[in-house]
Amino acid sequence: MTNDIYWLLKLDLNAEKQSEFEALMAEMVAATRNETGAKTYEWHQSDNAIHIYERYASSEDAMIHMQNFGANFADRFMSLLTPVQFDVYGPAKDDLQAALSPVGAVFHKQIGGFDR
């Protein structure tokens, strides 16, 4: 078992906002790179479908990211992107669940396996 928290967030991009999206994404990647608990932070695009894969060392590290997101990016992010599916894996604590639930996060508890 691992303490890592990770998620896959699927979103629809407003097609008319591609350049604004690219600028925001670059800003968010640069900011997240400075979060020491951020292990993986990947953005993927296929037409207007955006997938973001994020992995954090702990629920506390994911919460630090969410606080930074809320303070610096949330309004612009939500004006460009519409959440479609949000799956969260790992031992998310109550505060993180409360932060992610308003955008439709579904939490999956690990029941087996291993991490290398």
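We now turn to the structure provided with this report. (Residues numbered from 1 in each chain as written. Predicted model: local features only at pLDDT ≥ 70, side-chain atom pairs only at ≥ 80, totals over all residues. Heavy atoms only, no water.)

1. Topic: the pairing of strand 3 (residues 49-56)
Next up, step 1: As paired strands, strand 1 (residues 5-13) and strand 3 are joined by eight bridges and run antiparallel to one another. Residue pairing across strands places Leu 8 opposite Tyr 53, the latter belonging to strand 3.
Next up, step 2: Inspection of the sheet shows strand 2 (residues 38-46) paired to strand 3 by eight bridges, in the antiparallel sense. Counted as the bridge partner of Gln 45 is Ile 50 from strand 3.
Next up, step 3: The turn joining strand 2 and strand 3, which pair antiparallel and follow one another in sequence, is formed by two residues; a positive phi near 55° is taken by Asp 47. (Pairing = 2+ DSSP bridges. Helix = DSSP H or I, 4+ residues; strand = E, 2+ residues; numbered from the N terminus.)

2. Some thoughts on the environment of Ser 19
Next up, step 1: Counting through the fold element by element, Ser 19 comes out in helix 1 (residues 18-33).
Next up, step 2: Along the backbone, Ser 19 and Leu 9 are 10 residues apart, and their C-alpha atoms lie at a distance of 20 Å.

3. Describing the environment of Leu 13
Next up, step 1: Mapped onto the elements of the fold, Leu 13 is located in strand 1.
Next up, step 2: Since its relative accessible area comes to 5%, Leu 13 is described here as buried.
Next up, step 3: The sequence separation of Leu 13 and Ala 71 amounts to 58 residues, and the corresponding C-alpha distance is 21 Å. (Buried < 20%, exposed > 50% of the residue type's maximum accessible area, 1.4 Å probe, protein only.)

4. Details of helix 1
Next up, step 1: Over its 16 residues, helix 1 extends 22 Å from the first C-alpha to the last, a length consistent with the 22 Å expected when each residue adds 1.5 Å.
Next up, step 2: Considering only its buried residues, helix 1 is in contact with strand 1, strand 2, strand 3, helix 2 (59-72), helix 3 (74-80) and strand 4 (81-89). (Expected span 1.5 Å × (residues − 1). Contact = heavy atoms within 4.5 Å.)

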